[in-house]
Amino acid sequence: MTTCRWLGLDMSALGLVASIPEVSVHASRQLAENTKQIQLVNRRETFNTSAEPCILRKAAWIGSEIEVADVHGTIVSGRVSDGMLDSGILTLTVQSPFRRYFTEKLNHAVSAADPATAILSLIRSTGMPDDVLDIESFETASRLLTERGIICHANCLTQYNVTLIEAVNSLLDMGSLAAWMDDRLHVGYPPKPVTHVATLCQRITTRDQIGFVDTGNIADRVTRYSLGYLGDSGGSLPAEGGEKEADRTWSEQYNATSMYQFVSATAAHGAGQLRLDLDVPRRTATVRVREDGGLPIIMGSAYAIDGVSWGGAPGWLAGHTRKNGVITLSMQEVV
């Protein structure tokens, strides 16, 4: 059963929901703050402000909270930023709960921290509550980065006129971190190869699958790096590594002229080697399964996939969409 709670009413129970968007969650090194739309039926002039029974006439509905959910979880949650009534349909534009924080201009600096810890510090400086953050994922990423010596400064002060989402995306790239948002903000890395099936999240059997599995490859990858750091003579002596004949070079001047700085050559080399380790060739698979709750959908987890010829290698869940009773899983090979 789907619920659509808005202005103290369940629009779904009243038979007023025309359409809702699909659930879509994907891991990426760049976050994008987007909006979603919910369409409601203007039955009996419920949403016509010129009509007497309209529930919007005395309601502060712009900026109001709305949530659509079903037995599988939240579908849409956020605040209504706009609404347009046309041909008997009220189309609501819904902004995510993260938006008001992501667009905030920063005045905060972080010294000698790994990129995951720096992101968390900047986020907290805006007042974003911890209950919408996967703190454990930040702590896990922080340990990996610290072990590799990837330490940086982040100078996001007023004079730089930078928003939170701009700073987060810069630091995600700096630490080669993936991030995704559902009801919380998560960060992480692909899991390491799994040797025992028992440690996998789940096996996706051929009985679970709908139709054929689409396979492919991730071709765009970094094979060389040239990264600046504090003390590299203004960019003339960056930390360099990787293949001499490279398809693509990751080149950034994270030195004294940058808002984001690696504290040493060791930190820059650690970041470059991490990017090379992560950007190895990976095969991909798109798997469609039924939305019956039988298969746990856990982002970042490893799955054995029947019918996928990866030499026994599992896949990890890098994204999923959910609509009309079907969940489409975006899997990447664990290497």
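Rules used throughout
Residues numbered from 1 in each chain as written. Predicted model: local features only at pLDDT ≥ 70, side-chain atom pairs only at ≥ 80, totals over all residues. Heavy atoms only, no water. Helix = DSSP H or I, 4+ residues; strand = E, 2+ residues; numbered from the N terminus. Buried < 20%, exposed > 50% of the residue type's maximum accessible area, 1.4 Å probe, protein only. Contact = heavy atoms within 4.5 Å. Lys, Arg positive; Asp, Glu negative; His and termini not counted. Charge placed at Lys NZ, Arg CZ, Asp CG, Glu CD. Polar contact = N/O pair within 3.5 Å; in protein donor to acceptor, adjacent residues only side chain to side chain. Pairing = 2+ DSSP bridges. Axes fitted to C-alpha atoms, helices over the stretch in contact; angles between N-to-C directions. Phe/Tyr/Trp six-rings, centres within 6.5 Å; stacked < 30°, edge-to-face > 60°. Lys NZ or Arg CZ within 6 Å of the ring centre and 35° of its normal.

1. Re the overall build of the chain
- Within the chain one finds five helices and 22 strands.
- Expressed along its principal axes, the backbone C-alpha trace of the chain runs to roughly 70 × 55 × 30 Å.
- Out of the 335 residues in the chain, the part that is buried amounts to 45%.
- Once local pairs closer than 6 in sequence are excluded, the contacts in the chain between residues at least 24 apart make up 69%.
- Where the 29 positive side-chain charges of the chain centre and where its 37 negative ones centre are 3 Å apart.

2. Points about the environment of Arg57
- Residue placement: Arg57 occurs in the loop between strand S5 (35-41) and strand S6 (65-70).
- For Arg57, a relative accessible area of 44% puts it in the partly exposed group.
- In sequence terms Arg57 and Thr46 are eleven residues apart; their C-alpha atoms lie 9.9 Å from each other.
- With residues near it in sequence (within four places) discarded, Arg57 still touches Thr49, Ala51 and Glu52.
- Here the side chain of Arg57 touches Ala51 through a polar contact of 3.5 Å, landing on its backbone oxygen.

3. As for the sheet that holds strand S18 (residues 260-262)
- Read across the open sheet, the three strands follow the order S9-S10-S18; overall the sheet is antiparallel. The open sheet is flanked by strand S9 (108-113) and S18, the only strands paired with a single partner. Strand-to-strand, the axes of this sheet are offset by a mean angle of 10°, without reference to chain direction.
- In the sheet, S9 pairs with strand S10 (residues 152-156) via four bridges, with the strands oriented antiparallel. By the bridge assignment for S10, Ala113 is matched with Cys152.

4. Some details on the environment of Glu104
- Here Glu104 is to be found in the loop between helix H1 (99-102) and S9.
- Apart from the residues within four sequence positions on either side, Glu104 is in contact with Thr126, Val162, Thr163 and Leu164.

5. Brief notes about the packing of aromatic side chains
- Evaluation of the coordinates by the stated rule reveals four aromatic pairs.
- Relative to Phe102, the ring of Phe98 has its centre 5.8 Å away and its plane inclined at 15°; by these criteria the two rings are stacked. Comparing Phe98 with Phe102, the two get one shared label, buried.
- When the centroid spacing of 4.9 Å and the interplanar angle of 80° are considered together, the rings of Tyr254 and Phe262 count as edge-to-face.
- Exposure remark for Tyr254: the relative accessible area of 6% places this residue in the buried category.
- The class of Phe262 is buried, set by a relative accessible area of 0%.
- Grouped by ring-pair contacts, the aromatic residues Trp6, Phe47 and Trp61 constitute a single cluster.
- For Arg275, the ring lying beneath its charged end belongs to Trp250, and the centroid distance is 3.9 Å.

Just distances and angles here, no functional claims.
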